[in-house]
Amino acid sequence: MENTDNDKQPSFNDPINWKSLGFFSAEDYLIYIFKKTEKITSALYLVSGLLKDEEPMKWELRDKAMDLISSSFTASSSIPGDKNVVIQSIFSAALETISILNVAKVSHLISEMNHALLVREIDNVIGLLRDRLTKNAESAGYVLSESFFRTPAFFSSGF
């Protein structure tokens, strides 16, 4: 019997298909975060691969890279109450990674270009998560925002 496209099972190499397993089900931005941290982890491994095995910074960078990817995956499958704790672990791993990258740059273990690229990408992930947490807190009513106090402009006045 010949396999047609309709007979094929979804490839679980693609995180979009992980939804059928219960991951990333409610919040699509978590797929983006996971894929981004997967790329950051790969880049950290490539950059740290240039360091000698005896260099402790090599193993610290790789440990933090694994923390990042593990936390981003866990965030996708945690229950809502736990999600904030898991996201805080992503923040922690990200900030520790940036700090290690700063030391590696100052010590001339990695180039300024690689440092700048990695820090920018990690910062983008942190920013997206921070913005998403703030948006979720505002929509849940935990945090008041300026949009809460907006009223329709029925008249224009100098008040």
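Values in this document were obtained by computation on a predicted structure and should not be read as measured data.

What counts and what doesn't
- Residues numbered from 1 in each chain as written.
- Predicted model: local features only at pLDDT ≥ 70, side-chain atom pairs only at ≥ 80, totals over all residues.
- Heavy atoms only, no water.
- Helix = DSSP H or I, 4+ residues; strand = E, 2+ residues; numbered from the N terminus.
- Contact = heavy atoms within 4.5 Å.
- Areas by Shrake-Rupley, 256 points an atom, 1.4 Å probe, with all protein chains shown as cover.
- Salt bridge = Lys/Arg side-chain N within 4 Å of Asp/Glu carboxyl O.
- Buried < 20%, exposed > 50% of the residue type's maximum accessible area, 1.4 Å probe, protein only.
- Polar contact = N/O pair within 3.5 Å; in protein donor to acceptor, adjacent residues only side chain to side chain.
- Core = buried A, V, L, I, M, F, W, Y, C linked by side-chain atoms within 4.5 Å.
- pLDDT = per-residue confidence, 0-100.

K.L.:
Explain the overall build of the protein here, please?
P.N.:
The secondary structure content of the protein amounts to 4 helices and 0 strands. Ordered by position from the N terminus, the helices and strands of the protein form the series α-α-α-α. Taking contacts inside the protein between residues at least 6 apart in sequence as the whole, the part at least 24 apart equals 57%. Summed over all atoms, the accessible surface of the protein reaches about 10,600 Å², with 56% contributed by carbon and sulfur.

K.L.:
I keep staring at unusual backbone geometry and nothing clicks. Help me out?
P.N.:
Apart from glycine, the bulk of residues carry a negative phi angle, and the bulk of peptide bonds sit in the trans form. With a phi close to 60°, His 108 is a non-glycine residue in the positive phi region. By the secondary structure assignment, His 108 is in the loop between helix H3 (80-106) and helix H4 (112-140).

K.L.:
I'm lost on the pattern of salt bridges in this one. Help?
P.N.:
For the structure shown, the criterion picks out 7 salt bridges. For Glu 96, the salt bridge identified is with Lys 64, shortest N-O distance 2.9 Å. With Glu 96 in helix H3 and Lys 64 in helix H2 (residues 56-77), the pair connects residues that are 32 residues apart, well separated along the chain. The class of Glu 96 is partly exposed, set by a relative accessible area of 35%. Note that Asp 131 is salt-bridged to Arg 130, the shortest N-O span being 3.4 Å. Each of Lys 36, Arg 120 and Glu 121 takes part in salt bridges that share partners, so that together they form one network.

K.L.:
Looking at this structure, how should I read the environment of Val 47?
P.N.:
Positionally, Val 47 belongs in helix H1 (residues 29-48). Each C-alpha atom of the pair Val 47 and Ile 110 lies 7.2 Å from the other, and the pair is 63 residues apart in sequence.

K.L.:
How should I be thinking about the side chain of Ser 72 in this particular structure?
P.N.:
Looking at the secondary structure, you find Ser 72 in helix H2. Here the side chain of Ser 72 touches Thr 37 through a polar contact of 2.7 Å, side chain to side chain. With sequence-adjacent residues up to four places away left out, Ser 72 is seen in contact with Ile 33, Phe 34, Thr 37 and Ile 90.

K.L.:
Help me understand the environment of Ile 33, please; the structure alone is not making it clear to me.
P.N.:
Turning to its location among the elements, Ile 33 is positioned in helix H1. For the pair formed by Ile 33 and Leu 129, sequence separation is 96 residues and the distance between their alpha carbons is 8.2 Å. Sequence-distant contacts of Ile 33, that is, excluding residues within four places in its chain, are made with Ser 72, Val 125, Leu 128 and Leu 129.

K.L.:
Help me understand the nonpolar core in this model?
P.N.:
In summary, soluble globular proteins display a tendency toward joint burial of nonpolar side chains. In this structure, Leu 44, Leu 61, Leu 68, Ile 87, Leu 101, Ile 122 and Leu 129 are the most contacted members of the largest nonpolar core, which totals 30 residues. Contributions of two or more residues to this core are made by H1, H2, H3 and H4. Tallying contributions element by element places H3 first for this core, with 10 residues.

K.L.:
What's the story with the environment of Leu 46 in this structure? I'm lost.
P.N.:
Position of Leu 46 relative to the elements: it lies in helix H1. On the basis of relative accessible area, Leu 46 is assigned to the exposed category, the value being 65%. C-alpha of Leu 46 to C-alpha of Arg 62: the two residues are 16 residues apart in sequence and 9.7 Å apart in space.

K.L.:
How do you make sense of the confidence of the model for the protein when you look at a structure like this?
P.N.:
Detailed reading of the predicted model is not advised wherever pLDDT is low. For the protein, per-residue confidence averages 79 on the pLDDT scale, and residues scoring 70 or more make up 64% of the total. This model gives residues 1-5 a pLDDT under 50, and the stretch forms 1 contact once residues within four places in sequence are excluded.

K.L.:
What's the story with the side chain of Lys 64 in this structure? I'm lost.
P.N.:
Accessibility expressed as a relative area gives 12% for Lys 64, which makes it buried. Polar contacts involving the side chain of Lys 64 include one to the side chain of Glu 96, which spans 2.9 Å. Beyond its immediate stretch of four places on either side in the chain, Lys 64 contacts Ala 93, Glu 96, Thr 97 and Ile 100.

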